[in-house]
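Fold and geometry: a report
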Amino acid sequence: MWEEDVYPGIRAEAHSRGAEILFLDEMRPDIDARIDGPGKNGTIFAALTLRRKQSFRLSPRPATPKDFIDFCRGVAEDYAGPLILITNVSALHAAAEVARFTRAHQDKIKFVYFPHYG
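What you see is a predicted model, and the numbers here were worked out from it, not measured in a lab. (Residues numbered from 1 in each chain as written. Predicted model: local features only at pLDDT ≥ 70, side-chain atom pairs only at ≥ 80, totals over all residues. Heavy atoms only, no water.)

What follows deals with the overall build of the chain. In terms of regular secondary structure, the chain is built from four helices and five strands. Scored against the burial criterion, the 118 residues of the chain give a buried share of 37%. A fraction of 59% describes how many contacts in the chain between residues 6 or more apart in sequence connect residues 24 or more apart. For the chain, the computed accessible surface area is about 7,400 Å², with 55% contributed by carbon and sulfur atoms. (Helix = DSSP H or I, 4+ residues; strand = E, 2+ residues; numbered from the N terminus. Buried < 20%, exposed > 50% of the residue type's maximum accessible area, 1.4 Å probe, protein only. Contact = heavy atoms within 4.5 Å. Areas by Shrake-Rupley, 256 points an atom, 1.4 Å probe, with all protein chains shown as cover.)

Given below as structure tokens:
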């Protein structure tokens, strides 16, 4: 299991680097289709720690790689040290722009992906 086999290594790496572990994801709000206006087709980004610290951002449109990068950049500004960001593998998270952003900020941000289960 991931929690028993992989996560302890992530936690040990975070401890040795002085990094914070955050779980990231995004979702579309469940809004009644009859409602128009800002947010109807938006995206909510969320980052959560096991220490109950939370970051949220609302984008007024469906998520793009730039929106995800902007969210990650904002989360990184909230923390002095390095971050290990755990998320699922999706087209958004695996976009070329996100990979370039990660390489450019590898001293601050490391992504770890949940495994595919199918």
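Two numbers describe how helix H3 (residues 65-77) lies on helix H4 (residues 96-104): the axes approach to 8 Å, and their chain directions differ by 25 degrees. Here H3 lies roughly parallel to H4, going by the angle between them. Between H3 and H4 the crossing geometry is right-handed. For the pair formed by H3 and H4, the contact residues are Pro65, Phe68, Ile69, Cys72 and Arg73 on the first element and Glu97, Val98 and Phe101 on the second. Its residues assigned to classes, the contact of H3 with H4 shows six nonpolar, no polar and two charged. (Axes fitted to C-alpha atoms, helices over the stretch in contact; angles between N-to-C directions. Parallel < 35°, antiparallel > 145°, perpendicular 65-115°, else oblique. Left-handed = near helix turned anticlockwise from the far one by under 90°. Nonpolar A, V, L, I, M, F, W, Y, C, P; charged D, E, K, R; others polar.)

What follows deals with the packing of aromatic side chains. Using the criterion set out here, one finds eight aromatic pairs in the structure. Aromatic side chains Trp2 and Phe114 sit 4.9 Å apart centroid to centroid with 50 degrees between the ring planes, which places their arrangement in the tilted category. One end of the pair, Trp2, is in helix H1 (residues 2-5); the other, Phe114, is in the segment after strand S5 (109-113), with 112 residues separating them in the sequence. The class of Trp2 is buried, set by a relative accessible area of 10%. The exposure class assigned to Phe114 is partly exposed, which follows from its relative accessible area of 30%. A ring pair is formed by Phe111 and Tyr113, whose centres lie 6.0 Å apart and whose planes are at 10 degrees; its orientation type is stacked. Chaining the aromatic ring pairs together yields one cluster made of Phe45, Phe68, Phe71, Phe111 and Tyr113. Between Lys53 and the ring centre of Tyr79, over which it is positioned, the NZ or CZ distance is 4.3 Å. (Phe/Tyr/Trp six-rings, centres within 6.5 Å; stacked < 30°, edge-to-face > 60°. Lys NZ or Arg CZ within 6 Å of the ring centre and 35° of its normal.)

Quick look at the sheet that holds strand S4 (residues 83-87) now. In spatial order, the strands read S3-S2-S1-S4-S5; together these five strands make up an open sheet with mixed pairing. Both edges of this open sheet fall to strand S3 (54-59) and S5, since each of them pairs with a single strand only. Recorded for the sheet is a direction-independent mean angle of 25 degrees between the axes of neighbouring strands. Along the sheet face, helix H2 (residues 7-17) touches strand S1 (20-27), S4 and S5 and points at about 160 degrees away from the line of S4. (Pairing = 2+ DSSP bridges.)

Time to look at the pattern of salt bridges. Overall, the coordinates contain five salt bridges when judged by the stated rule. With its nearest N and O atoms 2.8 Å apart, the salt bridge here joins Lys66 to Asp70. You can see Lys66 and its partner Asp70 sitting in helix H3, four residues apart, about one turn around the helix. Using a relative accessible area of 54% as the deciding quantity, one classes Lys66 as exposed. Residue Asp70 pairs with Arg73 through a salt bridge whose shortest N-O separation is 3.4 Å. With Asp70 and Arg73 both in helix H3 and three residues apart, this pair spans about one turn of that helix. (Salt bridge = Lys/Arg side-chain N within 4 Å of Asp/Glu carboxyl O.)

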